[in-house]
Amino acid sequence: MLGALAKTKKGEMKILAGTSKGLFEIVNGSANLVLNAKGVREIVRLERDIFAGTSQGLFVSSDLGVHWSGPDMADYTVWQVRRAIDGTLYAGTYPAELFKSTDAGENWEKLDSFARVVEEQGWCIPVEPTMASQARAIVTDADNPDVLWVGVEVGGIMYSDDAGASWRFNTPGGNPDLHMMFPHPSKRGVLFASTGYGRLDGIAAMVEGNAGVFRSEDFGESWDYMWKGVTPRYSRPMCIDPRHPFSLTVASAPTAFSSFKDQGGAQAMLFRSDDEGHSWTSLCDKSHSPSVANFHGLTVNPDEIGGVLVGTDTGELWSVSKEATWTLLAEGMPAVLSIFASGDAQN
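Residues numbered from 1 in each chain as written. Predicted model: local features only at pLDDT ≥ 70, side-chain atom pairs only at ≥ 80, totals over all residues. Heavy atoms only, no water.

A.B. asks: Explain the overall build of the chain to me, please; I cannot follow it from the model alone.
C.D. replies: In terms of regular secondary structure, the chain is built from one helix and 32 strands. Relative to a compact globule of 347 residues, whose C-alpha radius of gyration would be 20 Å, the chain shows 19 Å and is just as compact. Taking the principal axes of the C-alpha coordinates as reference, the chain spans close to 55 × 45 × 40 Å. The burial tally for the chain puts 59% of its 347 residues in the buried class. When the accessible surface of the chain is totalled, it reaches about 14,400 Å², and 47% of it is carbon and sulfur. The positive charge centre, built from 28 side chains, and the negative charge centre, built from 43, are 5 Å apart in the chain. (Helix = DSSP H or I, 4+ residues; strand = E, 2+ residues; numbered from the N terminus. Rg over C-alpha atoms; globule rule 2.2 N^0.38 Å. Buried < 20%, exposed > 50% of the residue type's maximum accessible area, 1.4 Å probe, protein only. Areas by Shrake-Rupley, 256 points an atom, 1.4 Å probe, with all protein chains shown as cover. Lys, Arg positive; Asp, Glu negative; His and termini not counted. Charge placed at Lys NZ, Arg CZ, Asp CG, Glu CD.)

Quick look at the structure:
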């Protein structure tokens, strides 16, 4: 039975689910297609516009997803879009490029300085055949519009303090397989990164320390491994609640390719930390310990501190409370890759 969903009236929650085959609005348990685009990996509201990053470029809506324009960057998969405090927008893509807009997304320019580093370092994803690397995570600084970080899979974390004119990079714990990055909402300079087993020369041994969550408290200069004793280790989806105690929620699975189609299922788990990664609590109930379905989409629930919304590779969307109560919100969609939920936490 489907749980109750917030409607889209003023003051109530609006939910969009990005999937492998389109962007859906979730209303009263129904999933309604609002954008026909493949591989919707990003849905984010920046000021009044909602941006949808897809395998077919970047789409924009100025009316909460009713109508869409685009695509920009049509030859790229757009992984993430973020806004600096001066209004500058940055978009990370596959293949690994960084685009910049100073006019609210009307026009985009490619940052050649970023592409040069990727090319000089020979970054790639070590599969057969080899794939280009991808810029899939962006963090902008809360105080300085010229400071930003970009996580490259597989490559490392790029850092610029001059709005992308120049770059330097490092790898948390020597791990170049960057997936997601988030800043702490109230502690400037504290960053979190989720990582996997990918290395430029292949796949790392599946042992503790080679994949998981890292934390930096010095603007990314150094990193501490925060995933000790947690399994499975391969971490990808991540979100952080902007409200105290700033819960950090992370989904993990045994490998990059874990799927509901595997024998025994994906064996995925969902964990939350309320102390910046020093300790972790499972958010999985009996039916999801571990989960047959893998988790790809993940975002904060704006209606509940510590709660999240999670999407699966079986096309389901769940609300998970801080007490690990799971409520099915929608089903029957393609694999859910990203989630947008409006409300007090994200407006």
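There is more to say after this.
A.B. asks: I would appreciate a short explanation of the pattern of salt bridges in the present structure.
C.D. replies: Side-chain pairing between opposite charges can occur once the charged atoms of the two side chains come close. Scanning all chains against the criterion turns up 13 salt bridges. Linking Glu 97 and Lys 110 is a salt bridge whose minimum nitrogen-to-oxygen distance equals 3.9 Å. Remark: Lys 110 occurs in strand E11 (residues 109-110) and Glu 97 occurs in the loop between strand E9 (89-94) and strand E10 (98-101); sequence separation between them is 13 residues. Residue class for Glu 97 comes out buried when judged on its relative accessible area of 12%. Assessed through its relative accessible area of 34%, Lys 110 is described here as partly exposed. Salt-bridge contacts for Glu 217 lead to Arg 215; the nearest nitrogen and oxygen are separated by 3.1 Å. Through salt bridges with shared partners, a single network forms among Lys 187, Arg 215, Glu 217 and Glu 276. (Salt bridge = Lys/Arg side-chain N within 4 Å of Asp/Glu carboxyl O.)

A.B. asks: How should the sheet that holds strand E27 (residues 281-282) be read in this particular structure?
C.D. replies: Overall, antiparallel pairing links the four strands, which are arranged E24-E25-E26-E27 in an open sheet. Single-partner strands in this sheet number two, and they are strand E24 (234-240) and E27. Of the pairings in the sheet, the one linking E24 to strand E25 (residues 248-253) comprises five bridges and is antiparallel in character. In the sheet register, Met 238 faces E25, and the bridge partner there is Val 250. (Pairing = 2+ DSSP bridges.)

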